[in-house]
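# Residue-level structural notes
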Amino acid sequence: MNVTVRGRKRHYRTVAFDEKSNEVLLIEQRLLPHEFKVVRIKNYRATARAITDMIVRGAGAIGATAAYGFAQGLNAFRGKDLAKFQVHVDRVFKTLADARPTAVDPMNAMKDLIRQINAGESVLEKQEIALLGAHAFADEDANHCRAIGRHGAKLIRNGTRVLTHCNAGWLAFVDFGSATAPMYAAQEKGRKFHVFCDETRPRAQGASLTAWELAQQGISHEVIADNAAGHLMQRGEIDLVIVGSDRTLGRTGEVANKIGTYTKAVLAHRHKIPFYVAIPESTIDWELKRGIDIPIEDRHESEVLGAWGKTSGGRREYVRIANHASGARNPGFDVTPPELITGIITPSGIFKPRELWRNRAKLQSATD
Ligand code: MRU
């Protein structure tokens, strides 16, 4: 996506790789919207930490980061001994796989790389295959998101008022985003519409990231408190909901996404407002049979008990909001059942959630 940083408009991918220095390049998303900074991550352990600490976040973006982190880790191996290399591969895989549990994209990306490196006969060949595979994953993520935009754009007409939750935008992928891709494609077609961004407590990805992205793109938008959506729906001020997903079960059509998504789906259903989920193929879990078995990340209570912001003096600071003697529960994601979902926007078209399994061959071979 093109973003204007310090007065200069430039195209950025959210995740990139410097082959010469074997470093992963990430936009430091915790500083947005106040500061735009690209950071260099030096080794695979630090790359895993960048995912855990949410320097980079969002399903596709952490998928690409894990893919590059995997290649980075493999590249750091010195020697020709294949048995020792395999031990190293397993260690790199586990470190990155443990970084965050809910989004399936990192696992899908790395399992695919492992299948690919099996074809290599030497350590060097396997290292080269892993890097090419990581680049291919990042390119495919960008292409899939663009295709999601093409299919989803028809849902947005002149005057449509769209609600989105969290950030399933360019920052959550390598480029374009999933939930935002139909918006960017509709904008390219000259349509004028309005987006309500759920603030998305506790980490406020809607207020800080989605709002920043839409402002960068010149799309009309307003941030709303998470609790305001029901009221706006009741007053007829929302026509369409589009969200992303961190893991969608191919067998059942259940959708894990940022905490609060399920609440919005229930509200949309009550008010007969179409509710769509936009996903690339890497977000589909074809194995898991029940939504209840999706690992839901429990994050630190400090995220709920306070908030990060920028002081008037320009310092990034955490302030405590909640009562000092109180603790908090902080589940990061929830699961929305298929009966509340109007359609899943994929790179291969729009499907009913329960149609994913029947269309798996088509979805798995999606190019763009
Ligand atoms: O905790 P995050 O910020 O990594 O959560 C991911 C998300 O932004 C959302 O759940 C999003 O809607 C899906 S990720 C494309």
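Residues numbered from 1 in each chain as written. Predicted model: local features only at pLDDT ≥ 70, side-chain atom pairs only at ≥ 80, totals over all residues. Heavy atoms only, no water.

Turning to the domain arrangement of the protein chain, a few remarks are in order. By the assigned domains, the protein chain splits into domain 1 (2-145) and domain 2 (148-365). Taking the mean C-alpha position of each, domain 1 and domain 2 sit 24 Å from one another. Across the domain 1 to domain 2 interface the summed buried area is about 3300 Å²; carbon plus sulfur atoms make up 55%. On the domain 1 side of the contact with domain 2, Thr102, His144 and Cys145 bury the most area, a combined 21% of that side's loss. (Domains from an automatic or database assignment. Buried area = accessible area lost by both parts, 1.4 Å probe.)

Further remarks concern the site of the ligand. The immediate surroundings of the ligand are formed by 17 residues, with Arg57, Arg100, Asp246, Asn257 and Lys258 found nearest. In this structure, arginine 57 approaches the ligand through a side-chain N or O atom, which is 2.5 Å from an oxygen atom. One of the side-chain N or O atoms of glutamine 205 is found 2.8 Å from an oxygen atom in the ligand. Protein chains shield 100% of the accessible area of the ligand, which is 390 Å² for the free molecule. Mapping the ligand onto the cavity grids shows that it belongs to the largest cavity. Its residues assigned to classes, the shell around the ligand shows seven nonpolar, six polar and four charged. (Near = heavy atom within 4 Å. Polar contact = N/O pair within 3.5 Å; in protein donor to acceptor, adjacent residues only side chain to side chain. Areas by Shrake-Rupley, 256 points an atom, 1.4 Å probe, with all protein chains shown as cover. 1 Å grid on protein atoms, 1.4 Å probe; cavity = no way out; pocket = protein on both sides within 12 Å on 5 of 7 lines; lining within 4 Å. Sits in = over half its atoms within 2 Å of the grid points. Nonpolar A, V, L, I, M, F, W, Y, C, P; charged D, E, K, R; others polar.)

The next thing to look at is the environment of aspartate 175. With respect to the helices, strands and loops of the structure, aspartate 175 is situated in the loop between β6 (161-164) and α6 (181-188). If near-sequence neighbours (up to four positions away) are discounted, aspartate 175 is found in contact with Met1, His11, Tyr12, Arg13, Asp141, Ala142, Cys145 and Trp170. Within the local environment of aspartate 175, its side chain forms a polar contact with the side chain of histidine 11, the two groups lying 2.8 Å apart. (Helix = DSSP H or I, 4+ residues; strand = E, 2+ residues; numbered from the N terminus. Contact = heavy atoms within 4.5 Å.)

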